[in-house]
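Observations on chain architecture
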Amino acid sequence: MGYVKKMGRQIPKCLHCGEQIKYGRTDKRYCCDECRNSHYNAQAKAGRSFRRRVLSQLSSNYDLLDRLVKAGIDSLDLMDAVTMGFVPGVVTSYRRAGKHDEYGCFDIKYYMTRTRLFAISKIQNVSLPLQPDKQRQ
Ligand SMILES: [Zn+2]
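An account of the accompanying structure is given in this report. (Residues numbered from 1 in each chain as written. Predicted model: local features only at pLDDT ≥ 70, side-chain atom pairs only at ≥ 80, totals over all residues.)

**Side note on the overall build of the protein**
Scanning the protein from terminus to terminus reveals two helices and five strands. Seen in sequence order, the protein has helices and strands lined up from the N terminus as α-β-α-β-β-β-β. Expressed as a percentage of its 137 residues, the buried residues of the protein come to 10%. In the protein, once contacts between residues fewer than 6 apart in sequence are set aside, the share between residues at least 24 apart is 39%. (Helix = DSSP H or I, 4+ residues; strand = E, 2+ residues; numbered from the N terminus. Buried ≥ 20, exposed ≤ 12 C-beta atoms within 10 Å, placed from the backbone. Contact = placed C-beta atoms within 7 Å.)

**Quick look at the nonpolar core**
The nonpolar side chains of soluble globular proteins are, as a tendency, buried together. Leu65, Leu68, Ala81, Phe86, Tyr103, Cys105, Tyr110, Met112, Leu117 and Ile120 together form the largest nonpolar core, which totals 10 residues. Residues within four places of Met112 in sequence aside, it is in contact with Leu78, Pro88, Asp101, Tyr103 and Leu117. (Core = buried A, V, L, I, M, F, W, Y, C linked by C-beta atoms within 7 Å.)

**Let's talk about unusual backbone geometry**
In this structure, Phe106 takes a positive phi of about 55 degrees despite not being glycine. Within the fold, Phe106 resides in the loop between β3 (100-105) and β4 (108-112). For Phe106, a count of 17 C-beta atoms within 10 Å translates into the label partly exposed. Positive phi values are uncommon outside glycine, yet Ala119 reaches one of about 55 degrees.

**Some points on the sheet that holds strand β5 (residues 116-122)**
Ordered by their spatial adjacency, five strands build an open sheet running β1-β5-β4-β3-β2, and the pairing between neighbours is antiparallel. The open sheet is flanked by β1 (75-77) and β2 (93-97), the only strands paired with a single partner. Averaged over all adjacent pairs, the angle separating strand axes in this sheet is 25 degrees, with direction ignored. With three bridges connecting them, β1 and β5 associate as antiparallel partners. Bridged to Ser75 within β5 is Phe118. (Pairing = 2+ DSSP bridges. Axes fitted to C-alpha atoms, helices over the stretch in contact; angles between N-to-C directions.)

**Examining the environment of Asp101**
Structurally, the position occupied by Asp101 is in strand β3. Here Asp101 falls in the partly exposed class, since 13 other C-beta atoms lie within 10 Å of it. Residues in contact with Asp101, not counting those within four places in the same chain, are Tyr94, Arg96, Tyr111 and Met112.

**Notes on the pairing of β3**
Here five bridges tie β2 to β3, and the two strands are oriented antiparallel to one another. Residue Arg96 lies in a different strand from β3, and its bridge partner there is Asp101. As consecutive antiparallel partners, β2 and β3 are separated by two residues, and within that stretch Gly98 has a phi angle of approximately 65 degrees, a positive value. Two elements, β3 and β4, share four bridges in a ladder whose sense is antiparallel. Its bridge partner being in β4, Tyr103 is matched across the sheet by Tyr110.

**Considerations on the pairing of β4**
Between the end of β3 and the start of β4, which pair antiparallel, lie two residues, with Phe106 showing a positive phi angle near 55 degrees. Examined bridge by bridge, β4 and β5 share four bridges and lie antiparallel to one another. Opposite Tyr111, over in β5, you have Phe118 as the bridge partner.

What follows is the structure in structure tokens.
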């Protein structure tokens, strides 16, 4: 038994080095173990790097929001915030609050529109969602 090679079938290429994989199973994704390992390592490194970048942006957003709260400023033009290093897409929470989009950066919450941050404030009585309040007597 064998199989007929279909015309125009693409020869698979190694996901790491791009070399054609000329032998082995047709679903092989790497030309050799070294390429497979290198590819996994590169992906893991990219994942760690992405995580570090997001955490760094969250931290930087928090520092800015915290400075605003401490200065009594609860509203800011979004472009001004971005100029100061604020990254709008990095948040720790989101919920629709009435007609507003409420975002969170750790214990600071704010509403954000396309042009403005407002109602920036610290959340009082922060408790972790996974640690429900103890029963009160
Ligand atoms: Zn390869």
